[in-house]
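# Chains, contacts and geometry: an overview
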Amino acid sequence: MTDRLFTETLRAAIGADRLDARLSSEVLFADLGADAVSRLLTFDALDDILATRPLEPPRIRLHRKGAPVPAARYTEPGETSGAARRLLRPDALYRELRDGASLVLDGIDRLHPPIRDAADDLMRLVRERAQVNLYLIWGDSHGFDTHWDDHDTFIVQVQGTKAWQVHGQGSRPYPMKVDADHGHTAPEGTVWEGVLRPGQVLHVPRGWWHTVTGTGDVSMHLTFGFTRATGIDWARSLLDRLHEVEFLRRDLPSTASAEERRAHHSELVRHLVDLAGRHGVDDALAERAARFPRRQSFSLEWAVGDAEPGPGTRAEFVPILTPPLEPEGDQVAITVAGSRYRFPAAAGPVISELARLRSATAAELAEASGTPPETVAAVLRALVRHHLVLLS
């Protein structure tokens, strides 16, 4: 199942300790087998996505030999609900792909449920936001020159084959998208080289240079990308707390003497060091998790109407990361996507079991939590209206 592709299938293939220790710091390779990824994306599903979704550049685009293919070569002007847009021309798209162009589709996890489920599972593994992009090419050409990415990636080969060379970190380790230096260079040599086949997975850390080329065969692969929090993110989290300190809210002594300015600076540093000591990495990560977004998903009939969940009603837990359940007197509270939700204490066991199972019927929740069915139904009605569960 794609909803456990990373936390179960990949973890078992690589080894839990090895995956945790080497994630984001070393190249990792695993062969999960073609069957493990066959549900992620087929050509029939891709054809349907292209036919039914309003896709246009730059979300969908073509590259050839390191350069973008002009959109006018494979799109034409069109209109949707009175708004001008570019429409894909199937015949022109076919021609460009036959001539060696590489198709890129960003955010395919928002378009196709099996990929969405796998992306959600990756987010539970790394506790960071993830996005999945599709890369499709025929022949032995390449879409991009040797390059590095500003995020960690898991490459999942779905169809055909693709040749990879990973060269390692360049002259500036751990580069970032917003960085002072983008002129760093690739290292000599190769740290990993191989041809990926269906079901094989390659993890390339952020900033590691790599070269990717076609093998003469078709290649369809998915890039699961995620950006880890850094020390810079921790420092930014301090900024949100600076307003708490009265001295930091004071004006800078621009007209004072040099000695007074030095004294003011020393006091500023003292307050910053004190604040940094009190607001640790664990605090910053907990705040980051509490703001973690939900998928945009809907359960209109249940959230707006008055239907009563029955024993066979299935509930799917919406939060991607499991929020801590915190007691507050005669209530329990959870924080999801920056909002805090409070429920009667009797809802606690139901929410705990739903967060653990992630998907269960009302009857299963009643049995697992030891809660009367009518209480489970009331809890589910409250949760669905707060976009914390989907019901079906």
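What this report covers is the structure whose coordinates are included nearby.

Basis of the calculations
- As a convention, each chain's residues are numbered from 1 in the sequence order in which they are written.
- Owing to the predicted nature of the model, reporting of local features is limited to residues with pLDDT of at least 70; listing and counting of side-chain atom pairs is limited to 80 or more, with chain, interface and lining totals taken over all residues.
- As a rule here, side-chain values cover all heavy atoms of the structure and leave hydrogens and water aside.
- Only strands that DSSP links by at least two bridges are regarded as paired with each other.
- Only DSSP runs of H or I covering at least 4 residues are called helices, and only runs of E covering at least 2 are called strands; the numbering of each starts at the N terminus.
- Orientation is described by lines fitted to C-alpha atoms, with helices fitted over the stretch in contact, and by angles between N-to-C directions that extend from 0 to 180 degrees.
- Residues are treated as being in contact if the distance between any of their heavy atoms lies within 4.5 Å.
- What makes a nonpolar core is a set of buried Ala, Val, Leu, Ile, Met, Phe, Trp, Tyr and Cys residues whose side-chain atoms join them at distances within 4.5 Å.
- Relative accessibility under 20% of the residue-type maximum defines a buried residue, over 50% an exposed one, and the middle range a partly exposed one, all with a 1.4 Å probe and only protein chains included.
- What a helix should span is 1.5 Å times the count of its residues minus one.
- A pair is scored as a salt bridge if a Lys or Arg side-chain nitrogen falls within 4 Å of a carboxyl oxygen belonging to Asp or Glu.
- Classification of ring pairs uses Phe, Tyr and Trp, with its six-membered ring standing for Trp, and accepts pairs whose centres are within 6.5 Å; under 30 degrees between planes counts as stacked, over 60 as edge-to-face, and the remaining range as tilted.
- Within 3.5 Å is the distance limit for a polar contact, defined as a pair of N or O atoms, with the added protein rule that one can donate a hydrogen and the other accept it, and that residues adjacent in sequence qualify only through two side-chain atoms.

## Looking at the sheet that holds strand β16 (residues 359-361)
One open sheet holds the three strands; their spatial order is β16-β12-β17, and the pairing between them is antiparallel. Where the open sheet ends on each side, the last strands, each with one partner, are β16 and β17 (389-391). If you compare each strand with its neighbour and ignore which way they point, the axes differ by 25° on average. Direction of pairing for strand β12 (residues 314-317) relative to β17: antiparallel, over a ladder of three bridges. Of the residues in β17, the one forming a bridge with E316 is L390. Packed on one face of the sheet, helix α12 (residues 348-357) meets β12, β16 and β17 and runs near 75° to β12.

## Comments concerning the nonpolar core
Of all hydrophobic cores here, the largest spans 52 residues; its most connected members are F6, L41, F154, L222 and F224. Per element, the largest residue contribution to this core is seven residues, and it comes from helix α6 (residues 113-126). Setting aside anything within four residues of it in sequence, one finds L222 in contact with L40, L41, I108, I115, V132, N133, L134, F154, I155, V156 and V158.

## Section: α6
Every α-helix carries 3.6 residues per turn, so stepping three or four residues along brings you back to the same face. For α6, spanning 14 residues, the distance from its first C-alpha to its last is 20 Å, which sits close to the expected 20 Å at 1.5 Å a residue. Among the 14 residues of α6, 10 are classified as buried, and the element is accordingly described as predominantly covered. Within the sequence span of α6, burial applies to P114, I115, A118, A119, D120, D121, L122, M123, L125 and V126. Buried residues along α6 sit in contact with α1 (5-14), α2 (16-22), β7 (130-138), β8 (152-169) and β11 (208-226). In the segment just after α6, R127 is the residue with positive phi, at about 60°.

## Let's talk about the pattern of salt bridges
Counting across every chain of the model gives 24 salt bridges. Salt-bridge contacts for R236 lead to D233; the nearest nitrogen and oxygen are separated by 3.6 Å. Taken together, the residues span about one helical turn, with R236 and D233 both in helix α7 (residues 231-239) at a distance of three residues. Of the charged contacts in the structure, one is a salt bridge between E246 and R250, with a shortest N-O distance of 3.4 Å. Residues joined in a network through salt bridges with shared partners are R64, R73, R95 and E96.

## Considerations on the sheet that holds strand β13 (residues 326-328)
With antiparallel pairing, the three strands of this open sheet are ordered in space as β13-β14-β15. On the outer flanks of this sheet lie β13 and β15 (339-344), each paired with one strand and no other. Pairs of neighbouring strands in the sheet enclose a mean axial angle of 35°, with direction left out of account. Where strand β14 (residues 331-336) lies against β15, six bridges are found, and the strand directions are antiparallel.

## Details of unusual backbone geometry
Cis geometry marks the peptide bond from P57 to P58, where omega comes out at 10°. Unusually for a residue other than glycine, R127 sits at a positive phi of about 60°. With respect to the helices and strands, the residue R127 is situated in the loop between α6 and β7. Under the relative-accessibility criterion, R127 is labelled partly exposed at 45%. Residue Y174 is not a glycine yet carries a positive backbone phi of 55°.

## What to know about the pairing of β11
Where burial is concerned, most of β11 is hidden: 15 out of the 19 residues are buried. Pairing of β8 with β11 involves 15 bridges; the strand directions are antiparallel. Each bridged residue has a counterpart across the sheet, and for Q165 the counterpart in β11 is T211.

## Overview of the packing of aromatic side chains
How two aromatic rings sit relative to each other is set out by the distance from centre to centre and by the angle between their planes. According to the stated counting rule, one finds six aromatic pairs in the structure shown. Following the ring pairs from residue to residue traces out a cluster consisting of F6, F154, F224 and F226.

## Things to note about the side chain of R85
As for its placement among the helices and strands, R85 is situated in strand β5 (residues 83-88). The class for R85 is buried, based on a relative accessible area of 13%. Polar contacts involving the side chain of R85 include one to the main-chain carbonyl oxygen of P54, which spans 3.5 Å. At 3.3 Å, the side chain of R85 forms a polar contact with the backbone oxygen of L55.

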